[in-house]
Amino acid sequence: MAETDPAREAERIARFITEQTAVTSTALLPELRLHLATEITPLWQASEAYLAQHGAPPPFWAFAWAGGQALARHVLDHPAIVAGRRVLDFACGSGLVAIAAARAGALRVRATDVDPFAVVATLRNASLNEVVVDADASDVLSNDTLDDDVEVILAGDVCYEHAMATRVTPWLRAQARAGKTVLVGDPGRAYLVTGADLEPLARYEVPVSDDVEGASLSVASVFRLRA
Ligand SMILES: C[S@@+](CC[C@H](N)C(=O)[O-])C[C@H]1O[C@@H](n2cnc3c(N)ncnc32)[C@H](O)[C@@H]1O
């Protein structure tokens with residue numbers, strides 16, 4: 001059940017995250033530590049009914065999605081993309097891309113996700129990795145809450161369903177036209193933005209879970225959305 005007091009609700013979510021995940025690293029991002037669902041954590045097998053009992057939406061934040069892993073790897077290996085710049089990690093999930101940007105020397109990192117569990121997970125994961133990330137649950141697609149001074153927008157695995165892809169694509173394109181650097185990490189999802197403005201930058205082989213992705217290896221690409 002959700003609490004009405006925001007501070008107590010954040011504590012309740014933090015407890016849930018600690019109890020339901022393990023601190024681990026992925027093969028592609030050995031330098032980052034994240035609270036994630038693994039085969040040995042109860043969350044891996046949790047049914048929707050169990051999650052509903054705990055007032056929890058599907059736990060996207062408890063997995064390091066292949067698109068986000070590729071984007072985080074790219075940012076860590078090419079720090080000039082973010083160094084000294086103001087960065088937004090859109091749809092942050094566990095916050096892995098935001099954390100990579102902070103590690104790579106971003107001046108300021110904001111992470112947003114409409115799921116309050118993702119916001120708390122991102123803050124916890126940032127402190128686990130000893131970096132500072134601001135995280136909030138505003139829906140920047142629907143309202144005007146994007147700070148004008150954001151210079152780089154990073155979006156990991158955001159085209160995972162049709163409704164989200166059709167909302168996010170025009171928004172990302174508008175941000176690119178407004179002069180922001182927009183990078184997308186994607187493992188070949190069916191709803192990925194297509195078009196001549198999508199410039200491939202890099203490809204990564206990402207070990208993933210068969211249970212989650214239906215394969216043990218995913219090839220994920222990093223694209224720049226050109227203005
Ligand atoms: C597949 S997960 C990717 C998470 C993370 N970027 C990664 O790569 O691991 C997609 C995320 O999009 C978030 N999301 C869905 N709609 C959103 C919106 N309108 N604004 C921000 N985040 C949203 C979900 O809550 C979820 O955490």
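In case you missed it, the structure is sitting above this.
Each value, and the rule that gives it
Note that residues are indexed from 1 along each chain, following the sequence as it is written. Totals for whole chains, interfaces and linings use every residue, but because this is a predicted model, local features are given only for residues with pLDDT of at least 70 and side-chain atom pairs only at 80 or more, for both listing and counting. Whenever a helix is involved, its axis is fitted only over the stretch in contact; in every case the axis is a line through C-alpha atoms, and angles between N-to-C directions fall within 0 to 180 degrees. Think of it this way: any DSSP run of H or I at least four residues long counts as a helix, any run of E at least two long counts as a strand, and we number them from the N terminus. Note on convention: near helix rotated counterclockwise from far helix by under a right angle means a left-handed crossing. Clockwise means right-handed. Contact definition: two residues whose C-beta atoms, as placed from backbone geometry, lie within 7 Å. For this classification, the nonpolar set comprises Ala, Val, Leu, Ile, Met, Phe, Trp, Tyr, Cys and Pro, the charged set comprises Asp, Glu, Lys and Arg, and every other residue, Gly included, is treated as polar. Counting other C-beta atoms within 10 Å of a residue's own tells you its class, since 20 or more makes it buried, 12 or fewer makes it exposed, and anything in between is partly exposed; those C-beta atoms are placed from the backbone. Criterion used throughout: strands pair if DSSP finds at least two bridges between them. Here, the term right-handed applies to a crossover whose path from the first strand over the helix to the second runs clockwise when the strands point away from the viewer.

Things to note about the packing of helix α5 (residues 96-103) against helix α6 (residues 116-128)
Contact geometry of α5 with α6 gives a least axis separation of 9 Å together with a crossing angle of 35°. The two elements α5 and α6 meet at a crossing, and its hand is right-handed. Only T122, N125 and A126 of α6 make contact with α5, whose side of the interface consists of A98, I99 and A102. In terms of residue class, the contact of α5 with α6 is built from 4 nonpolar, 2 polar and no charged.

Considering the pairing of strand β4 (residues 108-112)
Of all 5 residues making up β4, 4 are buried, and the element is well covered by its neighbours. The sheet contact formed by strand β3 (residues 86-90) and β4 spans 5 bridges and is parallel. Note on β4: the bridge partner recorded for R86 is R108. For the crossover that starts at β3, traverses α5 and ends in the parallel β4, the hand is right-handed. In the sheet, β4 pairs with strand β5 (residues 134-136) via 3 bridges, with the strands oriented parallel. Across the sheet, T112 pairs through a bridge with D136, a residue of β5. On the question of chirality, the crossover connecting β4 to the parallel β5 by way of α6 is right-handed.

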